[in-house]
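Per-entry structural report
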Amino acid sequence: MFCHAMVLCLRLLQQQAVADMNSILITALLLTGLSGGYGGNTSTPCLNGFTSKLSHNQNISSFTMNITDHSMINILISDSATKLDCSWGEFQCYIQCGFLNATKNLSSLLEEKICVQKNEGTQLDFILSESGTSCNVTLCNEASVIRLMDGICNVKSTEKELKRLLIIKNMCALVLFNSNNITKSYISIEKNCIHGIVRIPFEGNSEGFDLEDLALTVVKMNKSTTNSDFVMINTSQVSDCLLPVTTMIPVAPFQNVPEEQSKVAVVIYSSAKQFTINQPHMTILSPVIRIEVVNRHITNLAKPLSINFTLNSNSAVPANVCLSCQYYDDDIYEWKGQQCLNPQNYYDNNIANCLYDHMTPFAVLLVDVKIDKAHWKILSYLSYIGCGISAFFSLAAILVFFIKRTPTADCSNSIHVSLSASLLLLNTSFLFSEWAASWSIEGVCVFVAVMIDYSLLCCFSWMAIEALHVYLLLIKVFNTYIRYYMVKLSLFGWGLPALFVGASLSVYKLEAFYGTKKVTLTDTTDTTAICWITNVYFLYGMNITYYSIVFLTNTAVLSTVTSQICKLRRLGAKGKKVPTCKDISTVLGLTCLLGLTWGLAFVTSGYTNYPVLYLFCICNSLQGLFMFLWVYGTMRKNRRVVAETLSPSEPYSSTGKPKTISSKDTSHYS
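Residues numbered from 1 in each chain as written. Predicted model: local features only at pLDDT ≥ 70, side-chain atom pairs only at ≥ 80, totals over all residues. Heavy atoms only, no water.

Details of the overall build of the protein
The number of helices and strands found in the protein is 15 helices and 22 strands. Taking all 670 residues of the protein together, the buried fraction comes to 49%. Taking the contacts inside the protein whose residues are at least 6 apart along the sequence as the reference set, 70% of them involve residues at least 24 apart. Roughly 32100 Å² of accessible area belongs to the protein as shown, and the carbon and sulfur atoms make up 58% of that amount. (Helix = DSSP H or I, 4+ residues; strand = E, 2+ residues; numbered from the N terminus. Buried < 20%, exposed > 50% of the residue type's maximum accessible area, 1.4 Å probe, protein only. Contact = heavy atoms within 4.5 Å. Areas by Shrake-Rupley, 256 points an atom, 1.4 Å probe, with all protein chains shown as cover.)

What about the sheet that holds strand β11 (residues 230–234)?
Read from one edge to the other, the open sheet built from four strands follows the order β11-β12-β16-β19, with strand pairing classed as antiparallel. Pairing within the sheet leaves two strands with one partner each, and these edge strands are β11 and β19 (351–356). With direction set aside, neighbouring strand axes in the sheet form an average angle of 15 degrees. Sheet topology note: the β11/strand β12 (residues 245–250) ladder contains five bridges and is antiparallel. Residue V231 lies in a different strand from β12, and its bridge partner there is I249. (Pairing = 2+ DSSP bridges. Axes fitted to C-alpha atoms, helices over the stretch in contact; angles between N-to-C directions.)

Observations regarding the state of the cysteines
Going through the model one piece at a time under the given rule, you end up with five disulfides. The disulfide partner of C46 is C115, and the S-S distance across this bridge is 1.8 Å. Across the disulfide from C46 to C115, rotation about the S-S bond amounts to roughly -120 degrees, and the bridge is consequently left-handed. You can see C46 sitting in the loop between α2 (24–29) and β1 (51–57) and its partner C115 sitting in strand β6 (residues 114–119), a full 69 residues away along the chain. (Disulfide = S-S within 2.5 Å.)

With respect to the pattern of salt bridges
A full pass over the atoms with the stated rule returns ten salt bridges. For K169, the salt bridge goes to D213, with nearest N and O atoms at 3.3 Å. Taken together, the positions of K169 in helix α4 (residues 159–171) and D213 in the loop between β9 (206–210) and β10 (214–220) put the pair 44 residues apart, joining distant regions of the chain. On the basis of relative accessibility, which here comes to 14%, the residue D213 falls in the buried class. The closest approach of N and O atoms between R199 and E260, which form a salt bridge, is 3.7 Å. With R199 in helix α6 (residues 180–199) and E260 in the loop between β12 and β13 (263–269), the pair connects residues that are 61 residues apart, well separated along the chain. Overall, R199 belongs to the partly exposed group, its relative accessible area being 22%. A residue is classified by how much of its surface remains accessible, and E260, at 30% relative accessible area, is partly exposed. Here the salt bridges share partners, and the residues they tie into one network are K191, R290, E292 and D330. (Salt bridge = Lys/Arg side-chain N within 4 Å of Asp/Glu carboxyl O.)

Looking at a nonpolar patch on the surface
The grouping of L431, F432, W435, W439 and I441 at the surface amounts to a nonpolar patch, some 490 Å² of accessible area in total. Using a relative accessible area of 47% as the deciding quantity, one classes I441 as partly exposed. (Patch = residues over 30% accessible without salt bridge, like charges linked within 9 Å, V, L, I, M, F, W, Y side chains within 5 Å.)

Quick word on the packing of aromatic side chains
Applying the stated rule across the entire model yields 22 aromatic pairs. When the centroid spacing of 5.0 Å and the interplanar angle of 85 degrees are considered together, the rings of F275 and Y328 count as edge-to-face. Residue F275 is found in the loop between β13 and β14 (283–284), and its partner Y328 is found in strand β17 (residues 321–329); the two are separated by 53 residues along the sequence. Since its relative accessible area comes to 0%, F275 is described here as buried. Ring centres of F392 and F393 lie 5.1 Å apart, and the angle between their planes is 85 degrees; on these two criteria the pair is classed as edge-to-face. Given a relative accessible area of 55%, F392 falls into the exposed group. When its relative accessible area of 23% is taken as the criterion, F393 is described as partly exposed. Lying over the aromatic face of F202, K220 brings its terminal NZ or CZ to 4.8 Å of the ring centre. Here R296 stacks its cationic end above the ring of F254, 5.6 Å away from the centre of that ring. (Phe/Tyr/Trp six-rings, centres within 6.5 Å; stacked < 30°, edge-to-face > 60°. Lys NZ or Arg CZ within 6 Å of the ring centre and 35° of its normal.)

Remarks on the sheet that holds strand β5 (residues 91–97)
Taken in spatial order, the eight strands of this open sheet run β1-β2-β3-β4-β5-β8-β7-β6, and their pairing is antiparallel. Both outer strands of the open sheet, β1 and β6, are each paired with one neighbouring strand and no more. Going across the sheet, the axis of each strand differs from the next one's by a mean of 25 degrees, ignoring polarity. Pairing of β6 with strand β7 (residues 123–128) involves five bridges; the strand directions are antiparallel.

Here it is in structure tokens:
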């Protein structure tokens with residue numbers, strides 16, 4: 001953006017009483033204050049084949065420059081009252097020009113002829129023939145953006161260099177923010193520019209710079225300028241366009257130090273995009289504040305730095321997330337956080353108070369509610385022990401099925417064993433999660449994450465199949481013949497998850513959904529790495545949605561089956577009522593069989609519901625054990641039923657004849 005140059009140009013024009021205001025921004029483009037120019041030579045002949053057109057629209061106060069040639073080069077520079085755009089065909093480009101006498105009549109720009117002097121494919125030089133002003137257009141790509149930024153800011157940087165850097169960022173935004181390496185370079189160069197401005201001597205106690213993309217305040221932290229132990233800096237004193245942030249900086253660290261190191265820069269950004277390169281799905285609710293001191297790294301403040309952030313959202317905070325005061329680590333380019341804000345630190349007027357013991361970029365983020373370190377350790381032990389037991393008994397259930405099965409065995413146990421197999425795969429792959437995350441080979445962690453996700457979706461699929469089978473066995477009553485019944489169920493149970501995971505892997509080069517996910521604990525800055533889904537939107541869009549459908553369906557089936565079982569028990573032999581404890585055991589067994597214990601995830605809200613979290617961990621990590629007991633028990637009951645009658649409790653037969661269900665047919669699920 002060239003708004004600051006526009007203001008300068010406007011002042012010059014007012015002094016010269018120039019009336020034409022429609023071309024202010026394009027003149028601003030040509031001011032020396034924005035660029036060094038490329039030193040065009042008016043004696044250099046113009047290249048043939050180029051045509052140009054200059055025009056302006058009085059209705060929207062915009063100025064357009066269009067350069068084309070026979071080889072399909074099409075450069076369009078559009079300058080309106082709010083935005084400057086440069087496009088080279090379908091790509092962005094960056095333009096900078098040399099000096100133009102701003103006192104001449106601006107309407108004469110429309111009479112200029114453009115002379116293209118050099119075309120190197122990604123760089124084009126031209127001059128305005130009447131004024132002799134030289135301009136350069138550069139196609140935005142990784143190499144050109146690095147070249148443009150290189151050497152801009154150094155120890156003697158001024159406001160002009162920082163403006164130019166911000167212009168490069170805006171005009172080549174697509175390239176800059178699509179490459180982590182370029183964005184990291186930009187952050188480092190911008191920091192150097194800020195340090196250069198801090199070094200510039202100035203009169204008074206403070207000096208402010210409003211650069212639209214950021215507002216910068218430099219303050220002399222001198223004990224003689226304040227009677228307090230803190231200096232208050234309000235960013236609204238610099239820019240009215242940004243949300244106000246009040247910073248209270250302790251004076252003590254700036255006493256008895258060189259003058260250059262006694263000044264502090266407070267920067268507030270209008271956009272936080274550059275701070276989300278490694279965490280693109282972070283939700284930042286406040287402006288980002290950067291506090292910089294030249295040649296010093298201030299940490300462990302005795303009196304903490306206090307910042308009152310005005311949040312840019314008035315909506316209620318959901319139950320599964322919280323507001324967290326975070327700081328930006330410039331070494332790894334990631335946000336790190338403290339624990340969730342207490343209610344007393346979050347005021348009714350949408351202001352959050354944060355305290356820090358160091359000086360870096362800061363902000364208030366909306367983060368997932370995390371678990372404190374002590375509970376995390378306990379839950380980890382429970383999970384690993386439970387998964388180990390579950391994996392062992394899942395394997396035992398499979399072996400018992402193949403050893404003890406009979407020719408007359410129905411499909412029910414085959415379905416149970418398929419669910420046990422998916423649980424075996426899930427628990428085994430989960431046991432390798434943290435181990436694989438510690439490997440330097442990324443592919444190992446991706447493979448483990450894929451296996452966890454695939455086996456989890458298989459578990460959900462076989463839970464849905466269990467519900468379907470129970471419905472047909474206990475609710476539909478009539479025998480139904482379905483050809484290749486188990487084959488079709490297997491295609492759904494194993495094939496549908498494979499389609500989902502395969503589709504996500506097919507776009508791996510464009511979007512990596514699987515990999516290392518870092519979990520930060522609430523009471524410490526320590527992180528734990530696991531192999532899992534890294535994209536939260538993908539997690540909610542596929543896994544959570546898929547299980548939600550299964551959960552609702554299975555809950556409806558369980559409710560209906562529970563009602564049916566109770567009726568059948570009351571109508572049992574000799575009219576005797578079965579003890580209530582047996583009915584409860586049957587319902588609890590079906591609850592585990594249909595995977596409804598996974599629904600506890602819907603009512604957990606992090607650290608505030610630890611009892612539910614522990615219950616979720618125990619029930620689901622031991623599901624393989626429960627399945628073994630169910631398979632073994634039902635196989636024994638099936639033998640007893642086969643011994644009593646030649647008609648098994650299978651709802652599928654080749655005859656397709658209807659049969660009225662009796663209490664013996666329900667013995668498989670009781």
